[in-house]
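# Secondary and tertiary structure notes
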Amino acid sequence: MAKDDLKDFERKVLVRALRTEDYDQLVELQLKCFPGMKPWSRAQVESQLALFPEGQICIEYQGRLVASSSSLILDFDLYHEWHSWAEIADAGFIRNHTPKGNTLYGIEIMVDPSYRGLRLARRMYEARKQLARERNLMRIILGGRIPGYGTHAAAMSAREYVDKVVHKVLVDPVLTTQLSNGFTLKRLIPNYLSSDTESRGYATFLEWTNIDYVPNPLQRLTLFAPVRACAAQMQLRMITGFEEFARQCEYFVDAAADYKTDFMLFPEMLTTQWLTFLPKDRPALAMRKLSEYTPAYLELFTGLAVKYNVNIIGGTHFVVEGEDLYNVAYLFRRDGTLAKQYQLHIAPDQRRWWGVKPGMDVSVFDTDRGKIGILIGHDVVFPELSRIMADQGAQILFVPFSVEERYGYLRLRYCTQARCVENNVYAVMAGSVGNLPSVENIDVHYAQSAILTPSDIPFTRDGVLSEATPNIETIIVDDMDLELLKPGRQSGTVLSRQDRRSDLYEVRYHPPAGRR
C-alpha cells in the first residue's frame, strides 16, 4: 500500500495580518456578514493598515479569507462618556490610534456565515488577547452588536434582551460568542451605530481584563505561560461502524474544547475498535485491514482539530506502507496541518501477533503552544528518545499507551515520570480502558491517565498535576506553565541536563539515509 501524503488531508487555517491586497475579499466578507450596511472603503482600510497594522488581523481557510478583525489602541480614560462608534473609531479611519494608550479597542470582527462552527471568532479573540499581552495593555474594550435583538424588539426592551442572553435564556450570534470568550458585560449603549438596524442602534460595552498587565513598565513581570492539555481515558467498546467511532471521538473533542484546551491526547491503538465491525481474520491480517480506513481517519481528526480549535494527538493507528505494518501517532494541528511519529520500539507481543515494524525517525513538532514530542507506549521506556527530543527543544512529551494490567501500566508510568525528571519537561499520558472480547491480543485494558511534571519545588507535590481514576472512562484537564521549566533547567535543585558527563558518554541520533 502506498504511503499517504498528509498534505492531501490538510485543511490549512492561517491567522495572519491583513494586507492591502485583501481589500476585495474583505468587502465581500463584510457584505455577507452585514447585509444592508456599508462596507469599508479602501481609504479606511489603508488608513487602518498604515496606523496600526498589528491590530488588523484576518483568517485564511484553504486560501480563502473567512474572518477578520480590526482594532486600535486608545487612552480609554479620555472616553469615559460613550458617544458613538463613529467617534470612538474615527469613522473607521482610526486616526485617534494612540500607541502609548492602555486599552485595545475592537471596532469590528466578522466571520463568514458559511464557515461558522470552526471557532474562528475564538481564534480572532485569542489573537487580540495575545496582542494586548505583548503590548502590556490593561484591557480590551468592545462595543458589540446585538443583531438578535431586532426579532425581539417588539416584545422586550434592549435591557431585557441582553439580560436574557447573559442568563442563557436567549442566544445572540454576537454577544453569546463574546461572553463565551471571557468578556464581561459592563453596560448597554444606545445610539451607538445608527445604521445597525438589527441591533436597533444599541451596542454592548464589554471588557476583557489582561491579568498580566504591569502598570509600571519598570516593575518586574513574572511570566505565566499556561498550556492546557486534556487526556482522554477512552473506553474501547464494540461498535457497528466508522460513523459510531467518529461520534465517540467528536464527543470527547467537544468536551475538551469546552475547557479551551490547547492539546488533546487520545490513547494508543485507538482505531482497533474497528476490528469489532470488520470481518474476522487472523490477527496479523486483521490489523492490516485497519489501514484501509486511514483516509477516513485522517479526514475525521483533521476536521475535528479545525472545528474545535484543539491540537489533537489522535492516539495511534496501524498503517501499511509497502508491505510493512507500522504503529503511527498523528498530530492534527488546529491550523489544519498534520504530522506523524512512528513507534520506534516494538513490544514482543506486537511483533509476534501482528508483525509490526519499527519506524526510524525521532521527531520534534512545532505547534502554536511550543515544541512537543510523542513517545508511543513502549518508546517511553527508552530514555535516549526523550533526551533527543528535549535537546531539540521539546517541552511537553505526549505518551499514548495501551496495556492489559497494572504491572504494565506502572512500568510506563514510572518511566514517563523519570523522563520528566531527567529532561525537565512535562508529560501527558492517555490510555484506554474497557474490553474487546472479540479481538485477539487486545481484549482487556488498564489505564490511569495522568499529566506529570518534573520533581522540584516550583512544581506540584509528587510531580503529578492531574491523574484519572483508574479504569473508568473520563478526561483530565490541567494547565502546564512552560515558564517554570526555564529556572529548573538553569538553577533547579539538581541540574540533570547540565550535569551530564559528555566527556564519558553521549547520545547520538543517526537515522539511516532515506529512511523514516
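What this report covers is the structure whose coordinates are included nearby. (Residues numbered from 1 in each chain as written. Predicted model: local features only at pLDDT ≥ 70, side-chain atom pairs only at ≥ 80, totals over all residues. Heavy atoms only, no water.)

### With respect to the overall build of the chain
- Per the secondary structure count, the chain includes 13 helices and 20 strands.
- Computed over the C-alpha atoms, the radius of gyration of the chain is 26 Å, within 12% of the 24 Å expected from 2.2 N^0.38 for a compact globule of 516 residues.
- By residue count, 55% of the 516 residues in the chain fall in the buried class.
- Restricting to contacts in the chain with at least 6 residues of sequence separation, those with at least 24 account for 71%.
- Here the chain displays about 23,000 Å² of accessible surface, and carbon together with sulfur accounts for 51% of that area.
- Each charge class in the chain can be summarised by its mean position, and for the 60 positive and 64 negative side chains these summaries are 1 Å apart. (Helix = DSSP H or I, 4+ residues; strand = E, 2+ residues; numbered from the N terminus. Rg over C-alpha atoms; globule rule 2.2 N^0.38 Å. Buried < 20%, exposed > 50% of the residue type's maximum accessible area, 1.4 Å probe, protein only. Contact = heavy atoms within 4.5 Å. Areas by Shrake-Rupley, 256 points an atom, 1.4 Å probe, with all protein chains shown as cover. Lys, Arg positive; Asp, Glu negative; His and termini not counted. Charge placed at Lys NZ, Arg CZ, Asp CG, Glu CD.)

### Overview of the pairing of strand E2 (residues 57–61)
- Counting buried residues along E2, five of its five residues qualify, which places the element largely inside the surrounding structure.
- Where burial is concerned, the two faces of E2 agree: the one with Ile-57, Ile-59 and Tyr-61 and the one with Cys-58 and Glu-60 are both buried.
- Where strand E1 (residues 13–17) lies against E2, five bridges are found, and the strand directions are antiparallel. Looking across to E2, one finds that Val-15 is bridged to Ile-59.
- Pairing of E2 with strand E3 (residues 64–74), which is carried by five bridges, proceeds in the antiparallel orientation. Residue Cys-58 lies in a different strand from E3, and its bridge partner there is Ser-68. (Pairing = 2+ DSSP bridges.)

### Remarks on the environment of Ala-229
- Relative to the assigned elements, Ala-229 resides in strand E8 (residues 226–233).
- Sequence spacing of Ala-229 and Trp-353 is 124 residues, and the spatial spacing of their C-alpha atoms is 33 Å.
- Beyond its immediate chain neighbours, meaning those up to four positions away, Ala-229 contacts Thr-261, Phe-263, Val-428, Ile-451, Ile-476, Val-477, Asp-478 and Met-480.

### A closer look at the packing of aromatic side chains
- Throughout the structure, instances matching the rule amount to 24 aromatic pairs.
- Ring geometry for Tyr-297 against Tyr-330: centres 5.7 Å apart, planes inclined by 65°, an arrangement best described as edge-to-face. With Tyr-297 in helix H9 (residues 294–308) and Tyr-330 in strand E12 (residues 324–332), the pair connects residues that are 33 residues apart, well separated along the chain. Each member of the pair, Tyr-297 as well as Tyr-330, is classed as buried.
- Taken together, the aromatic side chains of Phe-242, Phe-245, Phe-266, Trp-274, Phe-277, Tyr-293, Tyr-297, Phe-301, Tyr-330 and Phe-332 make up a single cluster linked through ring pairs. (Phe/Tyr/Trp six-rings, centres within 6.5 Å; stacked < 30°, edge-to-face > 60°.)

### Structural notes on a negative patch on the surface
- Together, Glu-404, Glu-405, Glu-440 and Asp-443 make up a negatively charged patch on the protein surface.
- Structurally, Glu-405 can be placed in the loop between strand E16 (396–401) and helix H12 (406–423). (Patch = residues over 30% accessible without salt bridge, like charges linked within 9 Å, V, L, I, M, F, W, Y side chains within 5 Å. Salt bridge = Lys/Arg side-chain N within 4 Å of Asp/Glu carboxyl O.)

### Description of the environment of Arg-387
- Structurally, the position occupied by Arg-387 is in helix H11 (residues 383–391).
- Residue classification places Arg-387 among the partly exposed residues on the basis of a relative accessible area of 22%.
- Counting along the chain gives 36 residues from Arg-387 to Asn-423, while the straight-line C-alpha distance between them is 6.5 Å.

### Concerning the sheet that holds E1
- If you walk across this open sheet you meet the seven strands as E1-E2-E3-E4-E5-E7-E6, and the pairing is mixed. Looking at which strands have only one partner, the edges of the open sheet turn out to be E1 and strand E6 (184–189). Taking the axes of each pair of neighbouring strands and ignoring which way they run, one obtains an average angle of 25° across the sheet.
- Bridge count for E6 against strand E7 (residues 203–209) is five bridges, and the pairing is antiparallel. Opposite Leu-188, over in E7, you have Thr-204 as the bridge partner.
- Of the strands in this sheet, E6 and E7 touch helix H5 (residues 158–166), which is tilted by about 165° from E6. (Axes fitted to C-alpha atoms, helices over the stretch in contact; angles between N-to-C directions.)

### Concerning the state of the cysteines
- Under the counting rule described, the total for this entry stands at zero disulfides.
- Of all cysteine sulfurs in the structure, the one in Cys-33 sits closest to Cys-58, which takes part in no disulfide; the separation is 13 Å.
- Cys-58 sits in the buried class, given a relative accessible area of 0%.
- Unpaired in this structure, Cys-230 has its nearest cysteine sulfur neighbour in Cys-249, at a distance of 13 Å. (Disulfide = S-S within 2.5 Å.)

### Some details on the side chain of Thr-316
- Within the fold, Thr-316 resides in the loop between strand E10 (311–313) and strand E11 (317–321).
- Judged by its relative accessible area of 1%, Thr-316 falls in the buried class.
- Apart from the residues lying within four places of it in its own chain, the contact partners of Thr-316 are Pro-267, Glu-268, Met-269, Leu-270, Thr-271, Asn-327, Val-328, Ala-329, Ile-376 and Pro-400.

### Some words on unusual backbone geometry
- Unusually for a residue other than glycine, Gln-62 sits at a positive phi of about 55°.
- If you trace the backbone, Gln-62 turns up in the loop between E2 and E3.
- Even without being a glycine, Asp-90 presents a positive backbone phi close to 55°.
- For Asp-90, a relative accessible area of 17% corresponds to the buried category.

Shape descriptors only; they carry no functional weight alone.
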